[in-house]
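In case you want the letters, here they are:
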Amino acid sequence: MNRATYLQKIKDGISIFEEGYQQQKILELDDQISKAIRDGKSEEEALSLLGDADQVINQIYTENHVNRKKTMQESNFLISKYNQLFKVINHVVDVMSHNTAKANAKILFDILVLIVLTCVIKIPFIMVRDLGVNLLDFFANPFINNLWELFIEIIYLIVGITFFLNVFKKWFQNLKINQK
């Protein structure tokens, strides 16, 4: 491993920290490598003196009292979900670029159906929102009503997006190229 790869691996490993702090740590490590090279060591020997990149990353996390394993688990979940969605979207675009117009029309129709289904899910939320507003009218405070409506809209937003993304992945991850 060369100096640039080593430092980039460490920078990627400490990406949860602020950019200025990352730069500071990378510059400190680069200075240590340069000093070891000036003292007559080769680049590989200088890197081995610093230790494995993962050890250095763990040391930085320890210095800052951050649990790396917990941070990686949280980050990995979101990153993996994002990557799965991104792969499905790329797959859909790739399939559509090779498909006939009729097959693409069907894909677009399926997306439209999914959007309509996501909108239909809002009906129970509207009913609950209106029920809550009618019950809260007793207090005659518009702020409480607005707060209730905001709460229901946020819940719908979370449920709607989750539903759309999950169904989108299930429906479209196995699309086949159709050139008939």
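Because the structure is predicted, anything quoted here is derived from the model rather than measured.

**Focus on the overall build of the protein chain**
Point 1. Within the protein chain, the secondary structure is distributed over 8 helices and 0 strands.
Point 2. Listing each helix as α and each strand as β along the protein chain from the N terminus yields α-α-α-α-α-α-α-α.
Point 3. For 180 residues, the compact-globule estimate of 2.2 N^0.38 gives 16 Å, and the C-alpha radius of gyration of the protein chain, at 26 Å, exceeds that figure by more than 25%.
Point 4. Taken over the C-alpha atoms alone, the protein chain extends approximately 75 × 65 × 20 Å along its principal axes.
Point 5. Across the 180 residues of the protein chain, 27% fall into the buried class.
Point 6. Contacts spanning at least 24 positions in sequence make up 69% of the contacts within the protein chain whose residues lie at least 6 apart.
Point 7. Accessible surface computed for the protein chain: about 12,600 Å², of which carbon and sulfur atoms make up 63%.
Point 8. In the protein chain, 20 side chains carry a positive charge and 20 a negative one; their mean positions are 10 Å apart.

**Concerning unusual backbone geometry**
Point 1. The backbone of His65 shows a phi angle near 55°, a positive value even though the residue is not glycine.
Point 2. Structurally, His65 can be placed in the loop between α4 (53-63) and α5 (68-98).
Point 3. Phi angles above zero are rare outside glycine, and Ala140 is one such case at about 55°.
Point 4. For Ala140, the location among the structural elements is in the loop between α7 (122-136) and α8 (142-172).

**Remarks on the environment of Gln8**
Point 1. For Gln8, the location among the structural elements is in helix α1 (residues 3-13).
Point 2. Remark: the alpha-carbon pair of Gln8 and Ala53, spanning 45 residues in sequence, is separated by 9.6 Å.

**Quick word on the packing of helix α2 (residues 19-38) against helix α3 (residues 43-50)**
Point 1. Between α2 and α3, the least distance of the axes is 9 Å, while the angle of their chain directions is 130°. As far as their axial angle goes, α3 and α2 are oblique. Crossing hand, α2 versus α3: right-handed. For the pair α2 and α3, contact is made by Leu29, Gln32, Ile33, Ala36 and Ile37 and by Glu43, Ala46, Leu47, Leu49 and Leu50, respectively.
Point 2. Its residues assigned to classes, the contact of α2 with α3 shows 8 nonpolar, 1 polar and 1 charged.

**Looking at the nonpolar core**
One recurring pattern in soluble globular proteins: nonpolar side chains tend to sit buried together.
Point 1. Residues Tyr6, Leu7, Ile10, Ile14, Ile33, Val56 and Ile60 are the most contacted members of the largest nonpolar core, which totals 16 residues.
Point 2. A total of 5 residues in this core trace back to one element, the largest contributor, which is α4.
Point 3. Sequence-distant contacts of Ile10, that is, excluding residues within four places in its chain, are made with Ile26, Leu29, Ala53, Val56, Ile57 and Ile60.
Point 4. Within the second largest apolar cluster, 11 residues are counted, among which are Val92, Val95, Phe168 and Phe172.

**Brief notes about the packing of aromatic side chains**
Point 1. Within this structure, the stated rule accounts for 8 aromatic pairs.
Point 2. Arranged with centres 6.0 Å apart and planes meeting at 35°, the rings of Trp148 and Phe151 form a pair that is tilted. With Trp148 and Phe151 both in helix α8 and 3 residues apart, the pair spans about one turn of that helix.
Point 3. By relative accessible area, which is 46% here, Phe151 ends up partly exposed.
Point 4. Here a set of aromatic residues connected by ring pairs shows up, and it is made of Phe164, Phe168, Trp171 and Phe172.

Parameters and conventions
Here the residue numbering is sequential within each chain, running from 1 through the sequence in written order. Totals for whole chains, interfaces and linings use all residues, but because this is a predicted model, local features are given only for residues with pLDDT of at least 70 and pairs of side-chain atoms are given and counted only at 80 or more. Side-chain metrics in this entry use all non-hydrogen atoms of the structure; hydrogen atoms and water are not considered. Going along the chain from the N terminus, every DSSP run of H or I of four or more residues is numbered as a helix, and every run of E of two or more is numbered as a strand. Note on method: radius of gyration uses C-alpha positions; expected globular size equals 2.2 Å times residues raised to 0.38. To sort residues, take the accessible area from a 1.4 Å probe on protein chains only and compare it with the maximum for the residue type: under 20% means buried, over 50% means exposed, and anything in between is partly exposed. Whether two residues are in contact is decided by their heavy atoms: any pair within 4.5 Å suffices. Accessible surface area values rest on a Shrake-Rupley calculation with a 1.4 Å probe, where residue burial reflects the displayed protein chains alone. Charged residues are defined narrowly, with Lys and Arg counted positive, Asp and Glu counted negative, and His plus the chain ends left uncounted. Charged side chains are reduced to one point each, which is NZ for Lys, CZ for Arg, CG for Asp and CD for Glu. To define axes, lines are fitted to C-alpha atoms, for helices over the stretch in contact only, and angles between the resulting N-to-C directions are given on a 0 to 180 degree scale. Any angle that is under 35 degrees is reported as roughly parallel, and any over 145 degrees as roughly antiparallel; angles of 65 to 115 degrees are reported as roughly perpendicular and all others as oblique. By convention the crossing between two helices is left-handed if the near helix lies anticlockwise of the far one by an angle smaller than a right angle, and right-handed if it lies clockwise. Residue classes follow a fixed rule: Ala, Val, Leu, Ile, Met, Phe, Trp, Tyr, Cys and Pro count as nonpolar, while Asp, Glu, Lys and Arg count as charged, and any other residue, Gly among them, counts as polar. Nine residue types can take part in a nonpolar core, namely buried Ala, Val, Leu, Ile, Met, Phe, Trp, Tyr and Cys, and a core is a set of them joined through side-chain atoms within 4.5 Å. What counts as a ring pair is set by centres within 6.5 Å for rings of Phe, Tyr and Trp (its six-membered ring), and what kind of pair is set by the plane angle: stacked under 30 degrees, edge-to-face over 60, tilted for all other angles.

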